[in-house]
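These are the residues of each chain, in order.
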Amino acid sequence: MMEGTFYQQKNGSPTTLAVVLLVHGAALTALALAKGEEIRRIWEPPIVVETYPENKAPPPEPPKPREEVVQPRDSVITRVEPDIKFPPFPDSATEWKEAPAATFPDPGPIVLPPRAPVIAEPPKARKVEPARARTNLASYVSDEDYPTSAVRSEEQGTTRFRLGVGPDGHVTNCTVTASSGSSALDSTTCRLMKQRARFTPALDSDGRPTSDSVASAIRWVLPD
């Protein structure tokens, strides 16, 4: 006779089921904590850092947008009219004629400062007698006075001049008025007249010696 064993499954208690669930929950929680850092790294976006070679500068930054100043539209400039009152304008020509004439206060008599007395200058004495040469001016020049340079160049001619004569009868200046064509003859003429010529001075209306001028000429001819 075969003997068999019969196993009857028993129903688990609620306490045992709760313990099993707690154990599985704790295991899942520990696994999530251990793998959470790696999961976070997978989902985070990568950080991109641009690098440039040493000999190449980074591109310039784009210009900043220009800020525009916008004036408020509600700003209103108010013109202040001056407080000036004008007389009423006449309506017709008759009113123009009937308008009173402008009156001004009487300034009174005008008193002018006394004028300074005018001192009349005494009349200047006039020349009544001209200066006269004591001898012929040509007599002051001889063949020995002929310039050597003019002789070599065979220069000759007439030098016209004007002499200034002082109150003492001496020649004060000499001016060549017409050249002989030779500077040597002209300069010699004035030099001799200043050194040798003598005059009787001119006289004014009071009989006193005064200055005068005398015009003359010297004709230079080559000596034989």
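These numbers come from a predicted model, not from an experiment.

So, about the pattern of salt bridges. Here the structure, examined in full by the defined rule, presents three salt bridges. Asp-145 is paired through a salt bridge with Arg-196; the nearest N and O atoms lie 2.8 Å apart. Placement of the pair is Asp-145 in the loop between strand E2 (132-133) and helix H3 (148-152) and Arg-196 in helix H4 (residues 183-196), with a sequence separation of 51 residues.

Time to look at the side chain of Thr-189. Along the chain, the position of Thr-189 falls in helix H4. The buried category is assigned to Thr-189, whose relative accessible area is 1%. At 2.7 Å, the side chain of Thr-189 and the backbone oxygen of Leu-185 are in polar contact. Engagement of the side chain of Thr-189 in a polar contact is seen with the side chain of Trp-220, the distance being 2.9 Å. Beyond its immediate chain neighbours, meaning those up to four positions away, Thr-189 contacts Thr-159, Phe-161, Ile-218 and Trp-220.

The strands that make up a sheet are held in pairs by hydrogen bonds between backbone atoms, and each pair lies either parallel or antiparallel. In space, the three strands of this open sheet follow the order E4-E3-E8, with antiparallel pairing throughout. Of all the strands in the sheet, the pair left with one neighbour each is strand E4 (171-178) and strand E8 (212-220). Strand-to-strand twist of the sheet, defined as the mean angle between neighbouring strand axes without regard to direction, takes the value 25 degrees. Taken together, the six bridges between strand E3 (residues 157-165) and E4 define a ladder with antiparallel strand orientation. Its bridge partner being in E4, Val-165 is matched across the sheet by Val-171.

Here we take up unusual backbone geometry. Its identity as a non-glycine residue notwithstanding, Glu-154 has a phi of 55 degrees, on the positive side. Examined against the element boundaries, Glu-154 turns out to sit in the loop between H3 and E3.

Right, let's get into the packing of aromatic side chains. One pass over the full model with this rule turns up one aromatic pair. Measuring from centroid to centroid gives 5.4 Å for Tyr-146 and Trp-220, while their planes differ by 90 degrees, and the two rings are edge-to-face. Linking Tyr-146 in the loop between E2 and H3 with Trp-220 in strand E8, this pair joins segments that are 74 residues apart in sequence. Residue Tyr-146 is classed as buried on the basis of its relative accessible area of 6%. In this structure Trp-220 comes out as buried when scored by relative accessible area, which is 4%.

Rules used throughout
Residues numbered from 1 in each chain as written. Predicted model: local features only at pLDDT ≥ 70, side-chain atom pairs only at ≥ 80, totals over all residues. Heavy atoms only, no water. Salt bridge = Lys/Arg side-chain N within 4 Å of Asp/Glu carboxyl O. Helix = DSSP H or I, 4+ residues; strand = E, 2+ residues; numbered from the N terminus. Buried < 20%, exposed > 50% of the residue type's maximum accessible area, 1.4 Å probe, protein only. Polar contact = N/O pair within 3.5 Å; in protein donor to acceptor, adjacent residues only side chain to side chain. Contact = heavy atoms within 4.5 Å. Pairing = 2+ DSSP bridges. Axes fitted to C-alpha atoms, helices over the stretch in contact; angles between N-to-C directions. Phe/Tyr/Trp six-rings, centres within 6.5 Å; stacked < 30°, edge-to-face > 60°.

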